[in-house]
Amino acid sequence: MKEFLFLYRRDVNNIPKGSPEEMQKETKRWMDWMGGIAAQNKLVDRGNRLEHAGKVLKSISLITDGPYTETKESVGGYSIVKADTIEEACEMAKGCPVFSIGGTVEVREISGM
Amino acid sequence: MNEEKLIPHLFRTEYRKIVAVLCKSFGMEHIETAEDIASDTFLQAAETWGIKGLPENPAAWLYTVAKNKAKNHLKRDKILSKKIIPQIKYYSTLTEEAEIDLSEANIRDSQLQMMFAVCHPAIAAEAQIALALRVLCGFGIDEIASAFLTNKETINKRLFRAKEKLRSENIAVEMPSAMEISDRLDMVLRTLYLLYNEGYYTSQSEKVLRKELCYEAMRLTFLLTENEQTNLPQVNALFALMSFHASRFDARTDENGNLILYDEQDETLWDKSLIQQGEYFLQQSSQGSRLSKYHLEAGIAYWHTRKEDTKEKWENILQLYNQLLMLEYSPVIALNRTYALSKANSIDEAITEAEKLQLTESHLYHTLLGELYKDKDVHKALSHFSSALKLAKTQEDKKLIQQKTQRLIC
C-alpha cells in the first residue's frame, strides 16, 4: 500500500462562523469521516489543523504575512492515509466535510525514501 | 471456612506473596527455588494441620515456615548457596541469619516489582500472562491450561521458556527507573488488560474461573494505583474500565452459562457498587494530557452502564470509538464503531460504512450486517446470518447466530 497526503484547503475569509452547536456538528462530521477511514485501517496519521496566521519566507530577507495573501485558499490542515492507488485515495477523500464550506482536498502520493 | 477450603484459599492468596518476597531476596534467576520453597511450605501445612489442627494464625504460620525453609535452603545447599549468596549480598545485606522480610509493606513492594519483571518486554505476551497467573496470582498449571483452553504441557513449556528468559535477560525484581517507567508500565497494563479479557471473553471455560481471572487482573491493577510512582491516569482508566465491565459479569450469562447479549440483559443484575467504583476511577484518570486507549474504552464502558438508548449515549460512544480507531486499529473496534454509527446516525449510513470494512472472513462482520439489514431487507439479513454461521467457530457463537436467524423467521 502507498501513503497519500490529504491537504485541506479552504477560503479563510469564507469560513462560516457558526453557533457552538453548529461547530460541534462540524467537528462531528470530521470525526465521523476520519473514524470511517480509520475503521478501514487506512488512516496513517490523523494529522493536524493549522492556525490561520503564518509567515512565508520568500527569501532570507523577505518574510511576508501569509500564507493566504496571494492565493484565496489556504491550507487548513492535513492527514495521511494509505491506499493501493490514487483513485482509491480520492474515493476516500470524497467524504471530506471540507466540501461543505467550498473547500478542496489535494491528494498527493508520498514518495518513499 | 473449613480446613478443606482453607488451604486452597490460602494458596491462592499467600503463595504469590511468598514467591514474590523470595524472588526479590534471591534474584529472579532463582524463581524456581522460590516456587519450590513456597510449594513445600503448603505441603507441610497440609500435613501438619491435618494432624495437629489449624494454627491460630495460618498465614503467619506459613510465613514462619517459608522463612525457615528459605534459611535452611541457603545453609544446606552448598552448591546453590555459592550461587545465591553473592547475589543476595549484591541486592541487599541479607545473610543466612538475616530475616526474610514478609512484612506487609515488603510483600506489596515485592509484588509490584514482580509485575514489572514478569511483564518484561523480552518475554512473549502469551508467556507473560501464563507467568503472571502462576507467580502473581498463584494459579495452578491445570487452571491456567483451562483458562487458555489448552493442555498442561503447553503451559509448562510456556512457563519454562519465560523463566529461561528471566534468567538469560538477567531481569531484576526492582522498579524500573523513572525514565523507563512509562514504557514498562504500558507493557504491564497491556498484560493486565489481556488477562482481564481472557477472563471476560473466553466463554468456554467455566464461569467461576473466568470471574477469578477478572478479579485477579483487577487486584493487580489496583495494586498499581496504590503506589505513587505507578498511580498514573492510564492505570486509573484501566481500573475504571475493568470495574464497569465487571459490573455486568453476572448479568451477561444465564444459569447454563449461555451468553446474554447486552440488549437483553437484566439491568437490575448490574452491580451498582462496581459502576460507582468505575465512575470514581474514571474521574481520577482525567488528569494529565495523555489520552490512552484505556481512557477511551473506559468512556465507552461508562456509557454502556446506562441502559437507556438515548441519542446522547450513542453519539458519545461513536465519538469514543472514532478516537479509539485513530489511536489503534482493530477489526472488532471497527465493527463496534459501525454499530454505534447505526444508533447515532442512521442504519443506512452504517450499512454503507460496514460494507467498506472488507472483513468478509469474520463471522462478526456478517452478524453485524445481518443486524443492520434485519428491518430493511430480510433476505439480505438472512444471507448474512447464514454466512456468519458458516464462519463461526465456537458453539456459543453459533448458538447466538441461530437465535438471531430464528427470530427473523418467526
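Along each chain, residue indices are assigned from 1 in the same order as the chain's sequence is written. Here every chain gets a letter starting at A, and every ligand a number starting at 1, in the order they are written. Since the coordinates come from a predicted model, pLDDT governs what is reported: local features require at least 70, and pairs of side-chain atoms require 80 or more to be given and counted, while whole-chain, interface and lining totals use all residues.

**Observations regarding the overall build of chain A**
To keep it simple, the criterion reads: A run of H or I in DSSP becomes a helix once it reaches four residues, and a run of E becomes a strand once it reaches two; helices and strands are each numbered from the N terminus. Any residue with 12 or fewer other C-beta atoms within 10 Å of its own C-beta is exposed, any with 20 or more is buried, and the rest are partly exposed; the C-beta atoms used are placed from the backbone.
On a plain count of helices and strands, chain A comes out with two helices and six strands. Based on the C-alpha atoms only, the size of chain A along its principal axes is roughly 45 × 45 × 20 Å. Counting all 113 residues of chain A, 19% fall into the buried class.

**Focus: the nonpolar core**
Residues and elements named next belong to chain B. Stated precisely, the cut-off is as follows: Here a nonpolar core is just a set of buried residues of the types Ala, Val, Leu, Ile, Met, Phe, Trp, Tyr and Cys, joined wherever their C-beta atoms sit within 7 Å. Where a domain begins and ends is set by an automatic assignment or by a domain database. With C-beta atoms placed from the backbone, a contact is any residue pair whose C-beta atoms sit within 7 Å.
One finds L22 and C23 to be the most contacted residues of the largest nonpolar core, which totals 120 residues. Shared between two domains, this core takes at least three residues from each, and those domains are domain 1 (1–102) and domain 2 (106–229). Ignoring sequence-local partners within four residues, the contact set of C23 consists of M28, I31, A34, M114 and V173.

**Quick notes on the domain arrangement of chain B**
Residue and element names in this part refer to chain B. Under the domain assignment used here, chain B contains domain 1 (1–102) and domain 2 (106–229). The interface of domain 1 with domain 2 comprises 16 residues on the first partner and 17 residues on the second. Looking at the side of domain 1 that touches domain 2, the element that brings in the most residues is helix 1 (residues 3–26), giving 10 residues.

**Examining the packing of helix 10 (residues 207–226) of chain B against helix 11 (residues 233–246) of chain B**
Residue and element names in this part refer to chain B. Defined as follows: Between N-to-C directions, angles cover 0 to 180 degrees, with each direction set by a line fitted to C-alpha atoms, over the stretch in contact for helices. Oblique is the label for any angle not under 35 degrees, not over 145, and not in the 65 to 115 range, which are roughly parallel, roughly antiparallel and roughly perpendicular in turn. In this scheme the handedness of a crossing depends on how the near helix is turned from the far one: anticlockwise by less than a right angle means left-handed, clockwise means right-handed.
Packing of helix 10 against helix 11 leaves a shortest axis separation of 9 Å and a crossing angle of 150 degrees. Considered as vectors, helix 10 and helix 11 are oriented roughly antiparallel to each other. Both helix 10 and helix 11 take part in a crossing whose hand is left-handed. Every residue of helix 11 that contacts helix 10 at C214, A217, M218, T221, F222, L224 and T225 is listed here: V235, N236, L238, F239, M242 and A246.

**Details of the interface of chain B and chain A**
Under the convention used in this document: Here the term charged refers only to Asp, Glu, Lys and Arg, the term nonpolar to Ala, Val, Leu, Ile, Met, Phe, Trp, Tyr, Cys and Pro, and the term polar to all other amino acids, Gly among them.
The partner chain A presents 11 residues to the 12 residues of chain B that form the contact. Looking at which element gives the most residues to the side of chain B that touches chain A, the answer is helix 14 (residues 311–327) of chain B, with five residues. Of the residues assigned to the side of chain B that touches chain A, the class counts are six nonpolar, three polar and three charged.

**Here we look at helix 9 (residues 181–201) of chain B**
Residues and elements named next belong to chain B. Applicable threshold: Working rule for helices: expected span equals 1.5 Å times residues minus one. Of all possible arcs, the one meant is that of the directions from the helix axis to the C-beta atoms.
Helix length check: helix 9, at 21 residues, gives a terminal C-alpha distance of 29 Å against a target of 30 Å (1.5 Å per residue), a fit within 8%. Inspection of helix 9 places R184, L185, V188, L189, T191, L192, L195, Y196 and G199 among the buried residues, and these make up the whole buried set. Around the axis of helix 9, the buried residues are gathered within 160 degrees of arc, so they sit on the same side. Facing away from the buried side of helix 9, by more than 90 degrees, are the exposed residues S182, D183 and Y201.

**Here we look at unusual backbone geometry**
Peptide bonds are trans in most cases, and residues, glycine excluded, mostly fall at negative phi. All names here are of chain B. A positive phi is found at N170, a non-glycine position, where the angle reads about 55 degrees. Among the structural elements, N170 can be located in the loop between helix 8 (152–168) and helix 9. Residues other than glycine seldom take positive phi values, yet Q358 does so here, at roughly 60 degrees. With respect to the element layout, Q358 can be found in the loop between helix 16 (347–356) and helix 17 (363–373).

**Some points on the pairing of strand 4 (residues 63–66) of chain A**
Residue and element names in this part refer to chain A. To keep it simple, the criterion reads: What makes two strands pair is DSSP finding at least two bridges between them.
Examined bridge by bridge, strand 3 (residues 54–57) and strand 4 share four bridges and lie antiparallel to one another. When the bridges of strand 4 are listed, G54 appears paired with G66. With antiparallel pairing between neighbouring strands as the criterion, strand 3 and strand 4 make up a hairpin whose turn holds five residues.

**Remarks on the packing of helix 11 of chain B against helix 13 (residues 293–304) of chain B**
Residue and element names in this part refer to chain B. In the contact formed by helix 11 and helix 13, the axes pass within 8 Å of each other and the chain directions differ by 30 degrees. By the angle between their axes, helix 11 is roughly parallel relative to helix 13. By crossing handedness, the relation of helix 11 to helix 13 is classed as left-handed. Touching Q234, A237, L238, A240, L241, F244 and H245 of helix 11 are Y294, H295, E297, A298, A301 and Y302, all from helix 13.

**As for the sheet that holds strand 5 (residues 73–83) of chain A**
By definition, the strands of a sheet pair up through backbone hydrogen bonds, in either a parallel or an antiparallel sense. All names here are of chain A. Spatially, 2-5-1-6 is the arrangement adopted by the four strands of the open sheet, whose pairing is antiparallel. Of all strands in the sheet, those with a lone pairing partner are strand 2 (43–49) and strand 6 (104–109), marking the two edges. The average angle at which neighbouring strand axes cross in this sheet is 20 degrees, direction not considered. Here strand 2 pairs with strand 5 via four bridges, running antiparallel. Bridging from a neighbouring strand, L43 pairs with V81 of strand 5. Where helix 1 (residues 20–39) meets the sheet, its contacts fall on strand 2 and strand 5, and the angle it forms with strand 2 comes to roughly 160 degrees.

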